[in-house]
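Next come the chains, spelled out residue by residue.
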Amino acid sequence: MKTFEESMASLTESMLQAARSTQPGSAFRLGQVRRAGHGVLQVDCDGLLLDKEDLWLSPYLSYTWVQDNGADNLLRTGDRVVLLTQDEQDYYLLARMVRA
């Protein structure tokens, strides 16, 4: 016979598995730009290194700049970004985020 603690651990694990199967996680992800500029774009998202070929990019944002002129729409190394994915295959880079 299981102890009370073992029974509760088993019940908790069963509840977590049921919750995961009925309620999918958020489609939104946070990422960090690792490289940007001169036509190069790499974003770290959940441990994946995404290149420009892996991303759909808002037309407002730019990674093709040659000289940083301080514009708000330039993606830069170290920027935090919000991405959206439904299937973890296609990633949509929605916005660059800044601290308030």
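Residues numbered from 1 in each chain as written. Predicted model: local features only at pLDDT ≥ 70, side-chain atom pairs only at ≥ 80, totals over all residues. Heavy atoms only, no water.

Asker: Which parts of the structure should I look at to understand the environment of Ser-7?
Answerer: For Ser-7, the position within the fold is in helix H1 (residues 4–22). Residue classification places Ser-7 among the partly exposed residues on the basis of a relative accessible area of 32%. Expressed as a C-alpha distance, the spacing of Ser-7 and Glu-88, which sit 81 residues apart in the sequence, is 35 Å. (Helix = DSSP H or I, 4+ residues; strand = E, 2+ residues; numbered from the N terminus. Buried < 20%, exposed > 50% of the residue type's maximum accessible area, 1.4 Å probe, protein only.)

Asker: Just checking my understanding: could you explain the pairing of strand S1 (residues 28–37) for this structure?
Answerer: On a regular strand, each side chain points to the face opposite its neighbour's, so the side chains alternate between the two faces of the sheet. Sheet topology note: the S1/strand S5 (residues 80–84) ladder contains five bridges and is antiparallel. Bridging across to S5, Gln-32 finds its partner in Arg-80. In textbook terms, the turn of a hairpin is the stretch between consecutive antiparallel strands, and for S1 and strand S2 (residues 40–45) this stretch comprises two residues, one of which, His-38, has a positive phi near 55°. (Pairing = 2+ DSSP bridges.)

Asker: In this structure, what is going on with the pairing of strand S3 (residues 48–51)? I would like to understand it.
Answerer: Across four bridges, the pairing between S2 and S3 is antiparallel. Bridge assignment links Asp-44 to a residue of S3, and that residue is Leu-49. Hairpin geometry of S2 and S3 is characterised by an intervening segment of two residues between the two adjacent antiparallel strands and by a positive phi of about 55° at Asp-46.

Asker: Would you explain the nonpolar core in this entry?
Answerer: Nonpolar side chains in soluble globular proteins tend to be buried together. Core analysis: the biggest nonpolar cluster contains 14 residues, and Leu-41, Val-43, Leu-55, Leu-75, Leu-83 and Leu-93 have the highest contact counts within it. Of all the secondary structure elements, the ones that give two or more residues to this core are S1, S2, S5 and strand S6 (91–97). No other element matches S2, which puts three residues into this core. Beyond its immediate chain neighbours, meaning those up to four positions away, Leu-41 contacts Val-33, Arg-35, Ala-36, Leu-50, Asp-51, Lys-52, Leu-55, Tyr-63 and Leu-75. (Core = buried A, V, L, I, M, F, W, Y, C linked by side-chain atoms within 4.5 Å. Contact = heavy atoms within 4.5 Å.)

Asker: Honestly, the pattern of salt bridges in this entry has me stumped. Any pointers?
Answerer: For side chains bearing opposite charge, pairing can occur when the charged atoms are close. The full count for this structure, using the stated rule, is five salt bridges. For Arg-29, the salt bridge goes to Glu-88, with nearest N and O atoms at 2.9 Å. Highlighted residues: Arg-29 in strand S1 and Glu-88 in the loop between S5 and S6, separated in sequence by 59 residues. Using a relative accessible area of 16% as the deciding quantity, one classes Arg-29 as buried. Since its relative accessible area comes to 48%, Glu-88 is described here as partly exposed. Arg-76 is the salt-bridge partner of Asp-68, the closest N and O atoms lying 2.7 Å from each other. The exposure class assigned to Asp-68 is partly exposed, which follows from its relative accessible area of 37%. The class for Arg-76 is buried, based on a relative accessible area of 16%. Ionic contacts of the salt-bridge type, sharing partners, join the residues Arg-29, Asp-46 and Glu-88 into one network. (Salt bridge = Lys/Arg side-chain N within 4 Å of Asp/Glu carboxyl O.)

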